[in-house]
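Observations on the model geometry
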Amino acid sequence: MNNIQEIYEKVKRRERISEEDALRLYEEGELEVLQQLAHQIRIDKHDDKAFYNRNIHFEPTNKCVYACKFCSFARKPKSTAEEGVWDFGTEELKVQLDKYPVGALSEVHITGGVHPDRGVDFGEELVSFIKKERPEIHVKAFTAVEITWMAKLSKLSVAETLKKLKKAGLDSLPGGGAEIFDSAIRRKIAGGKAPADRWLEVHREAHRVGLSSNATMLYGHIEDYSHRVDHMSRLRQLQDETGGFNSFIPLRYRNENNSMSNLKEVSLEEDMRNFAVARIFLDNIPHLKAYWVMLGVEEAFKALDYGVDDMDGTVDDSTKIYSMAGSIENPSLSREYLTSRIADRGFRAIERNSVYEEI
Ligand code: V47
Ligand code: SF4
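Residue positions are counted from 1 within each chain, in the order its sequence is given. Here chains are named by letter from A upward and ligands by number from 1 upward, in the order in which they appear as written. This being a predicted model, a pLDDT of at least 70 is required before a residue's local features are given, and a value of 80 or more before pairs of side-chain atoms are given or counted; all residues contribute to the totals for chains, interfaces and linings.

**Some thoughts on the overall build of the protein chain**
So the rule is basically this: Only DSSP runs of H or I reaching four residues or more are called helices, and only runs of E reaching two or more are called strands; each is numbered from the N terminus. Throughout, the radius of gyration refers to the C-alpha atoms, and the reference size of a globule is 2.2 Å times the residue count to the power 0.38. The burial criterion counts other C-beta atoms lying within 10 Å of a residue's C-beta, which is placed from the backbone; the residue is buried at 20 or more, exposed at 12 or fewer, and partly exposed between these limits.
Across its full length, the protein chain carries 14 helices and ten strands. Since a compact globule built from 359 residues should have a radius of gyration of about 21 Å, the 19 Å found for the protein chain is in line with a globular shape. With the principal axes as the frame, the protein chain shows a C-alpha extent of 55 × 45 × 40 Å. Burial analysis of the protein chain (359 residues in total) assigns 49% to the buried set.

**Concerning the site of ligand 1**
Applicable threshold: For each residue, a C-beta atom is positioned from the backbone; the residue is called near a molecule or strand if that atom sits within 6 Å of it. Under this grouping Gly is polar, as are all residues other than the nonpolar Ala, Val, Leu, Ile, Met, Phe, Trp, Tyr, Cys and Pro and the charged Asp, Glu, Lys and Arg.
Around ligand 1, a shell composed of 22 residues is seen, among which Pro 174, Gly 175, Gly 176, Asn 214 and Ala 325 lie nearest. For the shell around ligand 1, the per-class residue count stands at eleven nonpolar, eight polar and three charged.

**Regarding the site of ligand 2**
Neighbouring ligand 2 are the residues Cys 64, Tyr 66, Ala 67, Cys 68, Cys 71, Phe 73, Ala 74, Gly 113, Val 114, Val 145 and Lys 193. Residue composition of the shell around ligand 2, grouped by class: nine nonpolar, one polar and one charged.

**Regarding the UniProt feature "domain: Radical SAM core" (unreviewed entry) in the protein chain**
Where we set the bar: UniProt positions are given in the numbering used here, feature names are shortened, and annotations may be inferred rather than shown by experiment.
Cross-referencing UniProt, the feature "domain: Radical SAM core" (unreviewed entry) maps to residues 50-286 in the present numbering. Within the segment residues 50-286, helix and strand shares are 41% and 14% respectively, and the terminal C-alpha atoms sit 13 Å apart.

**Considerations on the sheet that holds strand S9 (residues 310-313)**
For sheets, the rule is that strands pair by backbone hydrogen bonds, running either parallel or antiparallel. Here is the rule we go by: Note on pairing: two strands pair once DSSP finds at least 2 bridges between them. Axis angles are defined between N-to-C directions and span 0 to 180 degrees, where every axis is a line fitted to C-alpha atoms and, for a helix, only to the segment in contact. Contact definition: two residues whose C-beta atoms, as placed from backbone geometry, lie within 7 Å.
Read across the open sheet, the three strands follow the order S9-S1-S10; overall the sheet is parallel. A single partner strand is all that each edge strand has here, and the edge strands are S9 and strand S10 (348-351). The mean angle between the axes of side-by-side strands here comes to 25 degrees, regardless of whether they run parallel or antiparallel. Against the sheet, helix H14 (residues 335-344) makes contact with strand S1 (49-53), S9 and S10, and its axis sits at roughly 145 degrees relative to S10, the strand it touches most.

**Let's talk about unusual backbone geometry**
One non-glycine residue, Lys 155, adopts positive backbone phi at about 55 degrees. Relative to the helices and strands, Lys 155 is located in the loop between helix H6 (144-153) and helix H7 (158-168). Note on Lys 155: 9 C-beta atoms within 10 Å, which makes it exposed. The backbone phi angle of Tyr 356 is positive, close to 70 degrees, even though this residue is not glycine. The topology assignment puts Tyr 356 in the segment after S10.

**Some details on helix H3 (residues 31-46)**
Stated formally: The span one expects for a helix is its residue count, reduced by one, times 1.5 Å. It is the directions from the helix axis to the C-beta atoms whose arc is reported.
Taking 1.5 Å per residue, 16 residues should reach 22 Å; H3 reaches 22 Å between its end C-alpha atoms and fits that length. All of the buried residues in H3 are Leu 34, Leu 37, Ala 38, Ile 41 and Arg 42. The arc that holds the buried residues of H3, viewed along the axis, is 130 degrees, so those residues lie on one side. When the buried face of H3 is taken as reference, the exposed residues oriented beyond 90 degrees from it are Glu 32 and Asp 44. Where the residues of H3 are buried, they touch helix H1 (4-12), helix H2 (19-28) and helix H11 (268-281). Asp 47, located one to two residues past H3, shows a positive phi value of around 55 degrees.

**Details of the pairing of strand S3 (residues 107-110)**
Going by this rule: Consider the strands pointing away from the viewer: the crossover is right-handed when the path from the first strand over the helix to the second runs clockwise.
Here S3 shows two buried faces, one formed by Glu 107 and His 109 and the other by Val 108 and Ile 110. Across four bridges, strand S2 (residues 55-58) lies against S3 in parallel orientation. For Phe 58, the partnering residue across the bridge sits in S3 and is Ile 110. The parallel pair S2 and S3, bridged by helix H4 (residues 90-98), forms a crossover whose chirality is right-handed. Of the pairings in the sheet, the one linking S3 to strand S4 (residues 138-141) comprises four bridges and is parallel in character.

**Structural notes on the environment of Asp 224**
One can find Asp 224 in the loop between strand S6 (212-219) and helix H10 (225-242). For Asp 224, a count of 12 C-beta atoms within 10 Å corresponds to the exposed category. In the structure, Asp 224 is positioned 39 residues away from Ile 185 in sequence and 9.6 Å away in space, judged by C-alpha atoms.

**Focus: the nonpolar core**
The condition that has to hold: A set of buried Ala, Val, Leu, Ile, Met, Phe, Trp, Tyr and Cys residues, joined to one another through C-beta atoms within 7 Å, is what we call a nonpolar core.
Counting residues in hydrophobic clusters, the biggest one holds 97 residues, and the most contacted among them are Phe 248, Phe 275, Val 277, Ile 280, Ala 290 and Ala 303. For this core, the leading source of residues is H11, giving seven residues. When sequence neighbours within four positions are dropped, the list of residues in contact with Ala 303 reads Met 272, Phe 275, Ala 290, Leu 295 and Val 308.

**Comments concerning the environment of Ile 7**
Relative to the helices and strands, Ile 7 is located in helix H1. Along the backbone, Ile 7 and Asp 21 are 14 residues apart, and their C-alpha atoms lie at a distance of 6.4 Å. If sequence neighbours within four positions are ignored, Ile 7 has contacts with Asn 2, Ile 17, Asp 21, Arg 24 and Leu 25.

**Details of the environment of Leu 126**
Here Leu 126 shows up in helix H5 (residues 120-133). With 25 C-beta atoms counted inside 10 Å, the residue Leu 126 sits in the buried group. For the pair Leu 126 and Val 293, spaced 167 residues apart in sequence, the C-alpha separation works out to 24 Å. Discounting chain neighbours no more than four positions away, the residues touching Leu 126 are Pro 60, Thr 90, Leu 93 and Ile 110.

This is the structure in structure tokens:
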């Protein structure tokens, strides 16, 4: 087994590190060294660019057939409007879109609860509605868990479901639903939802039909470092095979209003360590995203020094998933603010589209 100095040297030579190496970096790596290594890798890949986009989220429903223990957002399918449940369709989507003049948005991100009665037809309806109203907007919609459910309800294969959605205008898949792939941990925190192999298979199939995607990792709950390494390793393998992932997004577990609220949230230092190790280990996924809505604005800017090159987007107060879990209320950042704060930290703010072409 390599000692920590040998692993540092390996990283400096840009050799791929093993799972064992990554585990050792988590356990024994000095934060300052990890920071320097991750930073050099991000500079090699992206120079001093820090990407963002102009996006909103649309969350069609918070009804969900699953009951993940970390989730503060979902409600039981039979809950009533008085209990805070919503079921939105194209009418509400139109109200959202109409708030923005043409050209003011480049992406709509759609995700929500797994609705008991909504199959692929509903997905097609939402996606094609956006394309009809705003053909220039990139539609990044439906996690692998939502796709799996739609396919089941509509009695279609995953490939057929993805092809139908793509034909309706779907452009890419978001990275949600990945949580943590290890089966024992996943079973404990994410109940009966799509297992790891299924999540990976949906993304493999998406890449095969020409849809790129992102990948997340929910960390800082009951997993240990070996589970994080296993998670990233499975993503690295799939990326070697398909090349279809655009970005990796670590999501720190937030502990308000859910069934695991007894757990403490991890520290800022732990977040930074995690970003740095992810940047070093995932040598084949081009972008590393700090989703400021979840992480906190200051924390996300800080992460730019630890390998992160992407801040996600303006968001404009359009998501509830994180505020319900204890994160920022009414999350919204202006382009001007993002740009000037990124510059303050010594990086160059670059507006991108959803597949990281510069605008
Ligand atoms: O899969 C839910 C996470 C994800 C909590 O692809 C929680 O660009 C922390 O995937 N604490 C959905 N995390 C959001 C998501 C996402 C977000 C931004 C950008 C992209 C992208 C994808 O939210 C879920 C789950 O892992 N989540 N509850 C919580 N209490
Ligand atoms: Fe449902 Fe997603 Fe929440 Fe799990 S994380 S309960 S699948 S909305």
